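What the coordinates show
Each chain, letter by letter, is given below.
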Amino acid sequence: MSGYTATTFAPVQGFIEKSRKLRDLYGASLILSYLSRQITNAVETQNTGQSMSVICPGDPNSTKGLPNRILIQGRLSEDTIRQALFNGWSHLLRECRGWVEGKLSNHDYHWDRQWTLWQNHSWEVFCGWGESIPEAMYDLERRKLGRDWSAVNWIGESSSLSGTDAIAWNELGSSYRNPKELRYSQEKEKIDRFYQQLAAVLEGKGIDDIPEGKFLDPSERVSIPELVKRLVTHPQIARRISDNFPQLDRNFSDVIRRPNPETQTPGRWTGWFMGDGDKVGDHLKQLGDGDNADRTLKEFSEAMRNWGKQFEQDFPRDLGRVIYAGGDDFLGVVYDSTPDLTGEALQDSTQRLKVNSWNWLQQLPAKWQDHGQDINLSVGFVWAGHSVPQRDILQHCREAERRSKNWGRDRLTLRVVFNSGQFVQWTCPWHYLSILDCYCDRDGGQNWGHLYNDMAQLKARHALEIISISEELDDASFADVDASIAMAIANIYFQPNREPFTQIEPGTLGNHLFRELFESNSSEYRDRHHLHQAFINWFDELVSLGWYLKH
């Protein structure tokens, strides 16, 4: 059977983004990998003549970390792919629903139609075919421009997570629930009771026991897909789904962030990192155009999957943990699991975490090269206060990573998010990160307050002005910009082991620090004044970030 098949499904990012807890995020990642596995299993089933095989991802028999973009040698019909994916999704829903109804058999259930709707309308499948790998991938991208998907409608109240999906409970589809007459307050007591009992049985307790909220907080209100993401991480349900369905080896209760009124311990700062490879799609296309494309792509996929597994295994346990590492995508958290830290012990722990995470980040590019592939890495690292909601932290991680991409890739964005929701950030190429360790005040110490105060004075007296560079501003806005003062200040405070700033021009340091000015904009931005304004902005962010992170 000649030719190639490229396939994927959607939504992926949206499915992961609607995650409040780390457990939801982990469950969403497992579900996506499990659905990809159903497609690769279909290839094996159809491969009766030994003419069809999975090229990418490599090692398709391992579920955990399986990417959702699949390249197959041979032509596999869309009906077969769609059937495999929906069969797997139906199986997940059936096992989750069956477990809930079995454990809470004291309720009458009127939600059959809603589960069926989510079963049939959650996923969109795309397929492309061609005589060569580039043709198949191009055909896939072309077909992705169309849409073949309809959303599930809902009535009445909404879940506390997404705000747009109905709350999953036993009377969700009851015939008496007319949207015109529906009053959430009249049903609140029933919903509260259902969620209290569900939270209890998820913790292995009796339905009338008081849950601790470790698995499902009784005050949470989740929709059916959100409930499924949570349930698949339960060991009993994971075993019902499949013997080889990945199970959570340890829960996330050791990630301590919130203050504890019972022990009177304050909240804690935690670090979150999210990253992936740069232009992996272009790299795959390049490999697909070359000689022995089948073998090359398979080797690339295997190398990235092996790197993800090793990265998760080798991550220092005293620093935190990796939540998922699916090839070139990864997400992790830096934290201290020691309970009941207060006073100086908590301050020492926080300071130690900041230092260790910074040292680890500087070594990350070398660790990234272990896969042996010619692709760079962009990462967003968020240092978040204890009151920043989990969902907001994930959003900040995505934005920080995206900023690294938009600023030219192959770099790191550090973002400090305070409990108020405000943040400071700084983006820098990996090879220039060491500047943050070169700070030395005029007393020979490390007091960032001196530089921070100097910058505040200069900005207050309009000696330095921060102007965001955008296409909305015309050239006249930057006509008089000169970064000589910022460069002089930088050369005063960042002297040891670093070449002084002498010029910020295209082709020199300007290209290195501000590649986005050359990649994404036309020649009108390639002038001296834009570069000088970019340096002033970059240096101001460096000072603010250093003050909060290194102080």
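In what follows, the accompanying structure is described. (Residues numbered from 1 in each chain as written. Predicted model: local features only at pLDDT ≥ 70, side-chain atom pairs only at ≥ 80, totals over all residues. Heavy atoms only, no water.)

What follows concerns helix H4 (residues 112-121). Three or four residues apart is the spacing at which side chains of an α-helix point the same way, because the helix has 3.6 residues per turn. For H4, the complete set of buried residues consists of Gln114, Trp115 and Trp118. Down the axis of H4, the buried set is contained in an arc of 100°. They therefore lie on one face. Along its buried surface, H4 packs onto helix H3 (78-103) and helix H7 (224-231). (Buried < 20%, exposed > 50% of the residue type's maximum accessible area, 1.4 Å probe, protein only. Helix = DSSP H or I, 4+ residues; strand = E, 2+ residues; numbered from the N terminus. Arc of directions from axis to C-beta. Contact = heavy atoms within 4.5 Å.)

With that settled, the discussion passes to the pairing of strand S7 (residues 329-334). Buried residues dominate S7, accounting for 5 of its 6 residues. Note that strand S6 (residues 320-326) and S7 share 6 bridges and pair antiparallel. Within S7, the position partnered with Tyr324 by the bridge is Leu331. Hairpin connection between S6 and S7: a loop of 2 residues separates the two successive antiparallel strands, and Gly327 in this loop has a positive phi of roughly 80°. (Pairing = 2+ DSSP bridges.)

Moving on to the environment of Ser219. Tracing the backbone through its elements, the reader meets Ser219 in the loop between helix H6 (184-202) and H7. The class of Ser219 is exposed, set by a relative accessible area of 54%. The sequence separation of Ser219 and Ala199 amounts to 20 residues, and the corresponding C-alpha distance is 9.6 Å. There is a polar contact of 2.6 Å between the side chain of Ser219 and the side chain of Asp217. (Polar contact = N/O pair within 3.5 Å; in protein donor to acceptor, adjacent residues only side chain to side chain.)

On to the packing of aromatic side chains. A full pass over the atoms with the stated rule returns 35 aromatic pairs. Note on Trp111 and Phe194: the rings are 6.2 Å apart at their centroids and 85° apart in plane angle, and the pair reads as edge-to-face. One end of the pair, Trp111, is in the loop between H3 and H4; the other, Phe194, is in helix H6, with 83 residues separating them in the sequence. Phe194 shares its class with Trp111; the two are buried. Ring centres of Tyr432 and Trp538 lie 6.2 Å apart, and the angle between their planes is 50°; on these two criteria the pair is classed as tilted. Separated by 106 residues along the polypeptide, Tyr432 in the loop between strand S10 (423-429) and helix H13 (448-460) and Trp538 in helix H17 (residues 528-549) bring together distant segments of the chain. An aromatic cluster is defined as three or more aromatic residues linked by ring pairs; in this entry it consists of Trp426, Tyr432, Tyr439, Trp448, Tyr493, Phe494, Phe535, Trp538 and Phe539. (Phe/Tyr/Trp six-rings, centres within 6.5 Å; stacked < 30°, edge-to-face > 60°.)

Buried residues dominate strand S1 (residues 4-10), accounting for 7 of its 7 residues. The alternating pattern of S1 places Tyr4, Ala6, Thr8 and Ala10 on one face and Thr5, Thr7 and Phe9 on the opposite face, and all of these are buried. Judged from the 4 bridges that link them, S1 and strand S3 (residues 70-73) form a sheet pairing that is antiparallel. Bridge pairing in S3 links Thr5 to Ile72. Looking at chain direction, S1 and strand S4 (residues 124-130) are connected through 7 bridges and run antiparallel. Along S4, the bridge assignment pairs Thr8 with Phe126.

Our focus in this paragraph is the environment of Phe126. By the secondary structure assignment, Phe126 is in strand S4. For Phe126, a relative accessible area of 6% translates into the label buried. Measuring from C-alpha to C-alpha, the distance between Phe126 and Arg143 comes to 6.6 Å, with 17 residues separating the pair along the chain. Excluding anything up to four places from it in sequence, Phe126 contacts Ala6, Thr7, Thr8, Ala10, Leu140, Arg143, Lys144, Gly146 and Arg147.

Side chains bearing opposite charge may pair, as long as their charged atoms lie close to each other. Per the stated rule, a full pass over the model turns up 30 salt bridges. In this structure, Lys21 and Glu220 form a salt bridge, with 3.3 Å as the shortest nitrogen-oxygen distance. One end of the pair, Lys21, is in the loop between helix H1 (13-17) and helix H2 (22-46); the other, Glu220, is in the loop between H6 and H7, with 199 residues separating them in the sequence. Of the charged contacts in the structure, one is a salt bridge between Asp540 and Lys459, with a shortest N-O distance of 2.7 Å. Taken together, the residues Asp540 in helix H17 and Lys459 in helix H13 connect sequence positions 81 residues apart. Via salt bridges that share partners, Lys21, Asp24, Glu220 and Arg230 belong to a single interconnected network. (Salt bridge = Lys/Arg side-chain N within 4 Å of Asp/Glu carboxyl O.)

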